[in-house]
Amino acid sequence: MFKKILIANRGEIALRIICACKELGIKAVAIYSEADRHSLHVRFADEALCIGPARASESYLNVPAVISAAEIANVDAIHPGYGLLSENANFAQVCESSGLKFIGPPPEIIRMMGEKDKARQAMKRCGVPILPGSDGVIGSEGEALEWAQRVGFPVIVKAAAGGGGRGMRVIRSAEELPRMFNAAHSEAASAFGNGDLYMEKFIERPRHIEFQILADEHGNVVSLGERDCSIQRRHQKLVEESPSPSLSTELRNKMNGILEKTMKEIGYFNAGTVEFLMDEDGSLHFIEMNTRIQVEHPVTESVTDVDLVKSQILIAAGSKLTDIIQQPVVPCGHSIECRINAEHPEKFTPSAGKITAFHAPGGTGVRVDTAQYQEGVVSPYYDSLIAKLIVRGKDRPEALARMRRALDMFIVEGIHTSIPLQQRILQDPDFEAGNVDTKFMERFMVKKTAESGG
Ligand code: MV4
């Protein structure tokens, strides 16, 4: 077992990883930027090393600085958390070649899943349903037109090196194809240093459904069911839940089975998330795979009682899945998460500054993952997530009621937060009915504006 782990992250996820280390009897080493000197992850770690200035590119993203800290602290392993270096294959490779265990899948698999067209082809070969589209990257505008006519408009072109919505264009006719294709190419080239594009049939109002995978280094895999993350705005998730209100037990079981077989075939290990779009007729189509722990992992933890971060560490230390979790995993109840962001609830502009009052709700079925506290400061240098409010109930109505009361009992003063927005989402009749898709927030904001007469 590891004696000491370096946490290459900050905020609530760094704290979450410290919790796992403490429960496993492993020493936790924090790294921090000059802006994070007074952060809770520094306070609760067994050791902490300052690795550079506030700007992430000079601290948390600075590979030599992170590796040096790991060597100075003499750790056995590095947990990257989410974002930052978590899906950087080169970083994973540098860790391994420096004799530090990277807590995640092997670098080759991170690299392959980062090339979205290759991930798509790999899933297709394993029998995972994908959308009609190009075989790999598109060589030219002419080839794009051929694929579009074969697939049928509307289509979407996506950056092979992309993700998160950049370098994507919806194309509705042959006439607009040249313009859209070239715009996506330029955007991808400047954003990712790689202009390669691939194509898929475009789904107008998809639901975003993702499956949580856990796999050990001995070829054992378990798929822990899905999360519905359809409530998003500009590719930022606001509310997530499990189980999805729109997935049948039959389809869930079928997908769990397909994914367990697929992950074995590709040699995946550690935690991972396979993302799907659900179309209007209820069928699922693979879009991408994330090779890290995700922000919304507590939703799955709540309904499965599996500690995903502890599992990640034990897997990296060589443990077998059968020695980590009780199988079969039978999900129970319903869980919802709200991402509490430091931002204006209508304008969505970031809101940095000192938190003058802070009280997190508690009670039965309520969990709050946060690194914030009263008199704490929200830095403008990093993402705006200040807390995750997660509830669990015996069923969806109980979870909804619990989330409403927990949001009402969350006090954050001194900065703007997304709480008022989430209070209104939780009151929305369509949300309550489970009528959600990725266009929900657009319709919701229109409804809202109409109500206030603006
Ligand atoms: C799509 C799509 C419709 N059809 N692909 C956006 C981010 C990227 N990860 C995938 N995205 C989409 N891909 C096809 N073929 C619609 C989106 C999309 C979306 C997906 C998930 C969650 C929110 C979204 C918001 C807008 C567009």
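Just above, that's the structure.
For every chain, the first residue of its written sequence is number 1, and the numbers climb from 1 along that sequence. Reporting of local features is limited, given that this is a predicted model, to residues whose pLDDT is at least 70; pairs of side-chain atoms are given and counted only at 80 or more, and all residues count toward the totals for whole chains, interfaces and linings. Water and hydrogen atoms were dropped before computing side-chain values, which therefore reflect all heavy atoms in the structure.

Draft legend 1. Quick peek at unusual backbone geometry. Residue Ser242 is joined to Pro243 through a cis peptide bond whose omega torsion reads -5°. Numbered from the N terminus, helices here are DSSP runs of H or I no shorter than four residues, and strands are runs of E no shorter than two. One can find Pro243 in the loop between strand 11 (236–242) and helix 9 (249–266). Note that the residue after Gln327, namely Pro328, is joined by a cis bond; omega there is 0°. If you trace the backbone, Pro328 turns up in the loop between helix 12 (321–324) and strand 14 (334–341). In this structure, Asp305 is a non-glycine residue whose phi angle is positive, near 65°. Mapped onto the elements of the fold, Asp305 is located in the loop between helix 10 (297–304) and helix 11 (308–316).

Draft legend 2. Broad picture of the packing of helix 7 (residues 141–151) against helix 8 (residues 177–192). At a minimum axis separation of 10 Å, helix 7 and helix 8 run at an interaxial angle of 115°. Judged by the sense of rotation from one axis to the other, the crossing of helix 7 with helix 8 is right-handed. Within the contact between the two elements, helix 7 uses Glu141, Ala144, Leu145 and Ala148 and helix 8 uses Leu177, Pro178, Phe181 and Asn182. The nonpolar class holds Ala, Val, Leu, Ile, Met, Phe, Trp, Tyr, Cys and Pro. Asp, Glu, Lys and Arg form the charged class, and all remaining residues, Gly among them, are polar. Residue composition of the contact of helix 7 with helix 8, by class: 6 nonpolar, 1 polar and 1 charged. Lines are fitted to the C-alpha atoms to define the axes, a helix being fitted only along its stretch in contact, and any angle between axes, read from their N-to-C directions, falls within 0 to 180 degrees. Helix crossings are classified by the rotation of the near helix relative to the far one: an anticlockwise turn of less than a right angle makes the crossing left-handed, while a clockwise turn makes it right-handed. For this analysis, residues touch if any pair of their heavy atoms sits within 4.5 Å.

Draft legend 3. Representation of helix 10 within the structure. Accessible area is worked out with a 1.4 Å probe on protein chains only. A residue is then buried under 20% of its type maximum, exposed over 50%, and partly exposed in between. Buried residues dominate helix 10, accounting for 8 of its 8 residues. Among the residues of helix 10, His297, Pro298, Val299, Thr300, Glu301, Ser302, Val303 and Thr304 are the ones counted as buried. Directly beyond the C-terminal end of helix 10, a positive phi value near 65° is found at Asp305.

Draft legend 4. Just the nonpolar core, in detail. If you look at the biggest cluster of nonpolar residues, it comprises 36 residues, and the most contacted ones within it are Phe2, Ile5, Cys21, Ile103, Leu214 and Ile313. For this core, the elements supplying multiple residues, two or more each, are strand 1 (4–7), helix 1 (11–24), strand 2 (27–33), strand 10 (221–233), helix 11 and helix 12. The greatest single-element share of this core, amounting to 7 residues, is contributed by helix 1. The split into domains, and so the bounds of each, comes from an automatic or database assignment of domains. When residues of this core are sorted by domain, at least three fall in each of domain 1 (4–103) and domain 3 (207–451). The residues contacting Ile313, other than those within four sequence positions of it, are Phe2, Ile5, Ala20, Cys21, Leu24, Ile26, His79 and Ile103. By nonpolar core we mean a set of buried residues, namely Ala, Val, Leu, Ile, Met, Phe, Trp, Tyr and Cys, connected to one another through side-chain atoms within 4.5 Å. Counting residues in hydrophobic clusters, the runner-up holds 34 residues, among them Leu238, Cys338, Ile425 and Met441.

Draft legend 5. Fine view of the packing of aromatic side chains. Only the six-membered ring of Trp is used, alongside the rings of Phe and Tyr, when aromatic pairs are assigned; centres must lie within 6.5 Å, and planes under 30 degrees apart are stacked while those over 60 apart are edge-to-face, with the rest tilted. For the structure on display, the rule yields 8 aromatic pairs. Look at Tyr60 and Tyr382: their rings are 5.8 Å apart centre to centre, the planes differ by 75°, and that puts the pair in the edge-to-face class. Residue Tyr60 is found in the loop between strand 3 (47–52) and helix 3 (63–73), and its partner Tyr382 is found in the loop between strand 18 (377–378) and strand 19 (385–393); the two are separated by 322 residues along the sequence. Side by side, Tyr60 and Tyr382 carry an identical accessibility label, which is buried. One aromatic cluster is present, formed by Tyr60, Tyr381 and Tyr382 through successive ring pairs. Geometrically, a lysine NZ or arginine CZ counts as sitting over a ring once it is within 6 Å of the ring centre and also within 35 degrees of the ring normal. Above the ring of Phe348, the side-chain terminus of Arg233 is found at 3.6 Å from the ring centroid. Between the NZ or CZ atom of Arg396 and the centre of the ring of Phe431, over which it lies, the distance is 5.1 Å.

Draft legend 6. The sheet that holds strand 17 (residues 366–370), seen in detail. If you walk across this open sheet you meet the 8 strands as 13-12-9-10-11-14-19-17, and the pairing is antiparallel. In the strand order of this sheet, the two ends are held by strand 13 (284–290) and strand 17, each with one partner. Averaged over all neighbouring strand pairs, the angle between strand axes comes to 25°, with direction disregarded. The pairing criterion for strands is at least two bridges between them, as found by DSSP. In this sheet, strand 14 lies alongside strand 11 in antiparallel orientation, the contact comprising 4 bridges. Looking across to strand 14, one finds that Val239 is bridged to Cys338.

Draft legend 7. The pattern of salt bridges, seen in detail. Salt bridge, as used here, is a side-chain nitrogen of Lys or Arg placed within 4 Å of a carboxyl oxygen of Asp or Glu. Inspection of the entire model under this criterion finds 35 salt bridges. Salt-bridge contacts for Glu296 lead to Arg339; the nearest nitrogen and oxygen are separated by 2.8 Å. Here the residue Glu296 occupies a position in the loop between strand 13 and helix 10, and Arg339 occupies one in strand 14, the gap between them amounting to 43 residues. Considered together, Glu296 and Arg339 belong to a single accessibility category, that of buried residues. In this structure, the salt-bridge partner of Glu301 is Arg367, at a minimum N-O distance of 2.8 Å. Within this pair, whereas Glu301 is found in helix 10, its partner Arg367 is found in strand 17, the two being separated by 66 residues in sequence. For Glu301, a relative accessible area of 7% gives the class buried.

Draft legend 8. Looking closely at helix 1. Between its terminal C-alpha atoms helix 1 stretches 21 Å, which fits the 20 Å expected from 14 residues at 1.5 Å a residue. The buried count for helix 1 comes to 10 of 14 residues, which makes it a mostly enclosed element. Every buried residue of helix 1 is listed here: Gly11, Glu12, Ile13, Ala14, Leu15, Arg16, Ile17, Ile18, Ala20 and Cys21. In the stretch just after helix 1, Gly25 is the one whose phi turns positive, near 70°. Every helix has an expected span of 1.5 Å times one less than the residues it contains.

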